[in-house]
Amino acid sequence: MRRQRLWLVLAVLALGALLFVWRLGAVGQWDETPAIFAASGRAMAETGDWLTPRVNGHPRFDKPVLIYWLIGGFTALLPAGWDPLGSWASTLPSALAMIALMLGLALTVLPRSGPWVALEAALAFGLSPLVLVWGRVSVSDPLLVACVGLGMLGLWHTYAHPRAPFPWWPWLVLGLGVLTKGPVALVIAVPSLLLFGFWQRDLGGLCRAVRLVPGVALAVLVALPWYVLELLVEGQPFWDSFFGYHNLQRYTAVVNNHAGPWWFYAPVMVIASLPFTPLLLLGIASQLQGCWWRRPLKPEQSLPRFALAWLLFVVLFFSISATKLPSYMLPALPAAALLIALVDAPSRWLTWARWASVLMAAVMAAAFWIAAPLAVQIDSPEIPGLGPALEASGVLVISGGLFALAAIAGAALLWRRGGRWPGSWLLALQLPLVAWQVLGLVPTGELVDQRRQQPVRQLAEQVRLQQRPGEQLAMVGVNKPSLHYYSRKVVLYVGRPPSGLLDLAEQLPPQAPGTALVVIDATTAELPHWQDMPHQQLGAAGIYRLWRVPLEALQQRGQALAASGVESTWRLPNPERY
């Protein structure tokens with residue numbers, strides 16, 4: 001068993017590195033949220049203020065501090081010359097969190113089902129399309145998922161081994177989750193545990209095993225000191241923004257137009273589990289049936305039922321939320337991976353689900369091949385030239401080939417073994433998809449970065465070269481926080497409507513040197529209120545232009561807009577201002 005564990009750990013680390021670390025520093029900061037996280041973490045390292053995250057001159061209260069500490073820590077540790085785009089420092093926390101959770105899943109499954117199924121459980125999580133994307137960007141979600149996932153797995157392990165000591169490390173990790181994204185870490189973990197205990201008809205035994213009340217107290221104590229210090233220093237603005245807006249209001253009201261019907265997360269879960277969705281659905285159905293019609297399972301045999309309670313609570317909880325985002329399903333995906341890898345159903349249904357998964361891989365292969373010659377028609381104003389670049393690179397053809405290889409490998413094993421050896425079968429379907437991340441998704445991300453993000457980096461360099469002493473910098477229309485990140489300047493961001501120009505005029509009073517630098521996109525520059533604005537064009541990249549605008553001309557245009565009835569908006573409360 002010790003040798004199996006060692007080889008399993010090495011295999012998971014190698015596959016996790018391919019999925020989440022391979023060419024991690026080859027792309028820059030993505031706009032807009034990842035660039036904000038990256039800038040806030042870097043600011044901590046550079047200013048020495050490790051208490052309050054700040055970005056672009058504003059305090060950032062939307063998330064607690066742990067993700068910023070990690071980004072700032074890596075920023076301080078990594079040589080600048082080794083990480084010119086800042087991507088290693090900002091995205092390593094997400095990548096390492098995903099690899100750690102893959103390892104936790106594998107080691108949890110190993111004693112129950114052996115090394116092959118353990119490896120499949122890790123890959124069922126790591127290969128989720130949502131995880132493949134979020135695991136390579138600088139946001140707090142991957143760290144939250146790892147904290148919740150590792151904490152939940154540790155608590156189940158404690159329940160399955162009644163003589164285990166106090167589960168201090170699972171509750172400690174859940175406390176770090178509270179320090180990553182707030183109370184939601186415990187809001188997910190505790191009700192999921194209670195639902196599992198109810199289905200097990202052993203609620204009291206579960207609570208005693210995991211030491212529920214002292215465990216929750218320990219998790220709260222881990223995070224409490226930072227919250228207390230932040231409230232003492234920042235006061236009411238932190239309370240109103242973090243607890244009032246980013247927690248309570250996001251759940252009870254629609255924020256940023258992110259609304260959705262009650263069934264919003266059903267298609268999200270289908271996409272998140274591709275191409276293994278049939279196995280997930282069968283795993284859910286078989287465990288639901290068992291919850292109602294079978295006697296309680298022995299604790300050491302209850303992992304699939306535990307995963308069902310975990311997944312269903314996350315889906316139900318966020319389905320009630322008024323604000324809905326696909327990333328809200330990330331905490332459910334470790335549970336989905338367990339249900340996929342540990343699916344237990346009658347032979348006929350299991351064979352059907354496996355063949356359906358093979359068929360889905362084949363359909364995805366066909367979709368990539370059909371899309372390949374059509375990619376040239378992609379016309380995105382923000383990503384000019386993406387379609388021809390995709391067609392020339394061949395990544396869609398390669399992606400189709402890898403999904404076809406997965407389908408062929410899965411079909412061959414099913415045909416030869418009649419559905420037996422499920423471990424070998426699922427792994428044969430998964431390994432070509434690891435290659436898809438390396439040869440398909442990562443190159444696609446680099447193509448998008450070259451056309452969407454690189455122009456902003458180029459203009460940021462122009463700003464650093466052209467800016468005069470005392471000259472302020474603004475970005476109009478398409479707002480990109482990566483301009484602040486790469487220029488290292490405070491940027492005044494305003495919108496595309498006439499009120500945006502008025503906001504700019506009111507916030508930039510005439511002063512030496514009498515001009516302002518304005519980064520403006522081509523579409524905004526053609527709007528009536530920006531046409532004929534006196535300016536000197538200093539540079540251009542992609543859809544963006546760098547103008548030097550006389551402040552007097554900006555004031556005159558702003559006064560004309562105000563006289564016509566346009567009202568400024570910059571004084572209005574905006575909890576998400578950056």
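Basis of the calculations
Residues numbered from 1 in each chain as written. Predicted model: local features only at pLDDT ≥ 70, side-chain atom pairs only at ≥ 80, totals over all residues. Heavy atoms only, no water. Helix = DSSP H or I, 4+ residues; strand = E, 2+ residues; numbered from the N terminus. Rg over C-alpha atoms; globule rule 2.2 N^0.38 Å. Buried < 20%, exposed > 50% of the residue type's maximum accessible area, 1.4 Å probe, protein only. Contact = heavy atoms within 4.5 Å. Areas by Shrake-Rupley, 256 points an atom, 1.4 Å probe, with all protein chains shown as cover. Lys, Arg positive; Asp, Glu negative; His and termini not counted. Charge placed at Lys NZ, Arg CZ, Asp CG, Glu CD. Polar contact = N/O pair within 3.5 Å; in protein donor to acceptor, adjacent residues only side chain to side chain. Salt bridge = Lys/Arg side-chain N within 4 Å of Asp/Glu carboxyl O.

A. Spotlight on the overall build of the protein chain. Scanning the protein chain from terminus to terminus reveals 24 helices and 7 strands. For the protein chain, the C-alpha radius of gyration of 26 Å lies close to 25 Å, the compact-globule estimate for 578 residues. Taken over the C-alpha atoms alone, the protein chain extends approximately 80 × 60 × 45 Å along its principal axes. For the protein chain, the proportion of its 578 residues judged to be buried stands at 55%. Taking the intrachain contacts of the protein chain between residues at least 6 apart in sequence as the baseline, contacts between residues at least 24 apart amount to 77%. When the accessible surface of the protein chain is summed, it comes to about 24,600 Å², and 65% of that surface belongs to carbon and sulfur atoms. Between the centroid of the 40 positive side chains of the protein chain and the centroid of its 29 negative side chains there is a distance of 16 Å.

B. Broad picture of the side chain of S319. Tracing the sequence through the fold places S319 in helix α15 (residues 303-320). Assessed through its relative accessible area of 16%, S319 is described here as buried. A distance of 2.6 Å separates a polar side-chain atom of S319 from the backbone oxygen of V315. Those residues in contact with S319 that sit more than four places away from it in its chain are W262, Y265 and K324.

C. Just the pattern of salt bridges, in detail. Considering all chains together, one arrives at 15 salt bridges under this definition. In this structure, R42 and E46 form a salt bridge, with 4.0 Å as the shortest nitrogen-oxygen distance. Separated by 4 residues within a single helix, R42 and E46 lie in helix α2 (residues 33-47), roughly one turn from each other. Assessed through its relative accessible area of 47%, E46 is described here as partly exposed. Residue R54 pairs with D49 through a salt bridge whose shortest N-O separation is 3.4 Å. For D49, a relative accessible area of 25% gives the class partly exposed. When salt bridges that share partners are traced, they join R42, E46 and R488 into one network.

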